[in-house]
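Coordinate inspection notes
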Amino acid sequence: MEALLQQIEGYKAEMQAATISDAAALEQFRIKYLGTKGLVKAVMGEMKQVPADQKKSFGQILNDFKLFAEARFEELEASLGNTHPETRNSQTDVTLSSSKGRNPNLDYSLPGEPIPVGTRHPLSLVRNEIVSIFKRLGFAIAEGPEIEDDWHNFGAMNLPEDHPARDMQDTFYINKPTESNGATWLLRTHTSSVQARVMETQKPPIRVICPGRVYRNETVSARAHCFFHQVEGLYVDEQVSFADLKQTLYFFVQEMFGKNVKVRFRPSYFPFTEPSAEMDISCLICGGDGCNICKHSGWVEILGSGMVHPNVLENFGIDSNKYTGFAFGMGVERITQLKYQVNDLRLYSQNDIRFLKQFTGVV
Ligand code: PHE
């Protein structure tokens, strides 16, 4: 033990005599005495050799030695000259710098550079919300390709090549080498193509929701865009009725827009559903009194829907005598417009940070 005591005294004398001229020398001092492999740690390690009855008094000596080393370090540090007085004055910071070896010339108390945090795109927020509402009703998510063939986008959906309803959608056709039986390629004009993809691989009961981007050859303006987003729904099972469709969509609207919103169904036409209906909701902006958004009618259209046409089911070998189904497709931009009162479709793709930063949401 005597030897150890002498060693400690020797180190103390050495530290007392030490002089340093720059930060690098100070750092060397710190590493030598206070570092993880430094002498203070090494001496502390000797504690296990000390007989039990001397442990207490030795513990005291070792602790004093450690405090001595730390105090000497601080002294030397202060002697270096002080470019950042705030650091030096802050008691906690000096302790930290001595024990963790921080750069003494930095002021750790200065506030940091703010880290820019992104926000989700309003269309993503709304799409996620739509999807989460239908998930609660037991719908699963299905996705399909944006570059589609003629069959999945039109043919399977009961629009043969010469069907006049193909004019309803201006299509971007693609010059793609026709590798599979002369198929024509296009950018999908609606997410109904995902219905085809799902029925190709799944048998009823089918309950899916299909979010995705679609394309139409439109001149870009405040009210039309060459691409936009839809969410498709498809439910096929035994005894699915129009009442199920209405109730499902009514639930969706109430969850999305609140309990006071009214809905109405208007007869419509889609080749892939029969009967077909478009659904309007009472205008959220004016509460039904009439405004620009609802063109003074008090109602705004939000989706197309209907009972899946028997031909569509049969296209996929689903027995239309046994199974029925409903389908619907809604525009995400339209719902976002109603939720956030965005009146120009172009804003969604211009990437103006001032616009994008305004939307916050949990999903
Ligand atoms: N695909 C239709 C459209 O893009 C919407 C729709 C989907 C209508 C499903 C009925 C059933 O306008």
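Residues numbered from 1 in each chain as written. Predicted model: local features only at pLDDT ≥ 70, side-chain atom pairs only at ≥ 80, totals over all residues. Heavy atoms only, no water.

Here we look at unusual backbone geometry
Look at the link from Pro204 to Pro205: it is a cis peptide, with omega at 5°. Pro275 follows Glu274 through a cis peptide bond whose omega is -5°. Unusually for a residue other than glycine, Lys295 sits at a positive phi of about 50°. Within the secondary structure, Lys295 is located in the loop between strand E8 (273–282) and strand E9 (299–308). (Helix = DSSP H or I, 4+ residues; strand = E, 2+ residues; numbered from the N terminus.)

Observations concerning the packing of helix H2 (residues 23–34) against helix H4 (residues 55–79)
At a minimum axis distance of 10 Å, the contact between H2 and H4 shows a crossing angle of 180°. It follows from the interaxial angle that H2 and H4 lie roughly antiparallel. Taking contact as the criterion, the partners of Leu26, Phe29, Arg30 and Leu34 in H2 are, on H4, Ala69, Glu70, Arg72, Phe73, Leu76 and Glu77. For the contact of H2 with H4, the per-class residue count stands at six nonpolar, no polar and four charged. (Axes fitted to C-alpha atoms, helices over the stretch in contact; angles between N-to-C directions. Parallel < 35°, antiparallel > 145°, perpendicular 65-115°, else oblique. Contact = heavy atoms within 4.5 Å. Nonpolar A, V, L, I, M, F, W, Y, C, P; charged D, E, K, R; others polar.)

Points about the sheet that holds strand E10 (residues 323–331)
Taken together, seven strands build an open sheet; the order of strands is E1-E5-E6-E10-E9-E8-E7 and the sheet is mixed. Edge positions in the sheet fall to strand E1 (140–141) and strand E7 (263–270), since each of these pairs with one other strand and no more. The pairing of strand E6 (residues 227–238) with E10 spans nine bridges and is classified as antiparallel. Residue pairing across strands places Glu238 opposite Tyr323, the latter belonging to E10. Its contacts with the sheet put helix H7 (residues 122–136) on E1, strand E5 (206–215), E6 and E10, and the angle it makes with E5 is roughly 165°. (Pairing = 2+ DSSP bridges.)

Concerning the site of the ligand
Inspection of the region around the ligand gives 15 residues, with His190, Ser192, Arg216, Gln230 and Glu232 positioned closest. Here His190 contributes a side-chain N or O atom positioned 3.1 Å from a nitrogen atom of the ligand. Within the contact set of the ligand, an oxygen atom lies 3.0 Å away from a side-chain nitrogen or oxygen of Arg216. Considered on its own, the ligand offers 330 Å² of accessible surface; in the complex 91% of this is hidden by protein. Mapped by element, the contributors of at least two residues to the shell around the ligand are helix H9 (192–201), E6, E9 and E10. No other element matches the three residues that E10 contributes to the shell around the ligand. (Near = heavy atom within 4 Å. Polar contact = N/O pair within 3.5 Å; in protein donor to acceptor, adjacent residues only side chain to side chain. Areas by Shrake-Rupley, 256 points an atom, 1.4 Å probe, with all protein chains shown as cover.)

Things to note about the domain arrangement of the protein chain
Here the protein chain is partitioned into domain 1 (2–98) and domain 2 (123–359). Distance from the C-alpha centre of domain 1 to the C-alpha centre of domain 2: 72 Å. (Domains from an automatic or database assignment.)

Examining the sheet that holds strand E3 (residues 173–174)
The strand order across the open sheet formed by three strands is E2-E4-E3, and the pairing between neighbours is antiparallel. Each having just a single partner strand, strand E2 (147–149) and E3 make up the two edges of the open sheet. Relative to strand E4 (residues 185–187), E3 runs antiparallel, the two sharing two bridges. Residue pairing in the sheet places Tyr173 in a bridge with Leu186 of E4.

What to know about the confidence of the model for the protein chain
Here the protein chain averages 88 in pLDDT, while 92% of its residues score no lower than 70. This model gives residues 83–99 a pLDDT under 50, and the stretch forms 31 contacts once residues within four places in sequence are excluded. (pLDDT = per-residue confidence, 0-100.)

Things to note about the packing of aromatic side chains
Pairs of aromatic rings are described using the distance from one ring centre to the other and the angle between the two planes. Applying the stated criterion across every chain yields a total of 15 aromatic pairs. An angle of 25° between the planes, with centres 6.2 Å apart, marks the rings of Tyr11 and Phe65 as stacked. In this pair, Tyr11 is assigned in helix H1 (residues 2–17) and Phe65 in helix H4, connecting sequence segments 54 residues apart. Taken as a pair, Tyr11 and Phe65 share a single burial class, namely buried. In this structure, Lys12 packs its charged tip against the face of Phe68, placed 5.5 Å from the ring centre. (Phe/Tyr/Trp six-rings, centres within 6.5 Å; stacked < 30°, edge-to-face > 60°. Buried < 20%, exposed > 50% of the residue type's maximum accessible area, 1.4 Å probe, protein only. Lys NZ or Arg CZ within 6 Å of the ring centre and 35° of its normal.)

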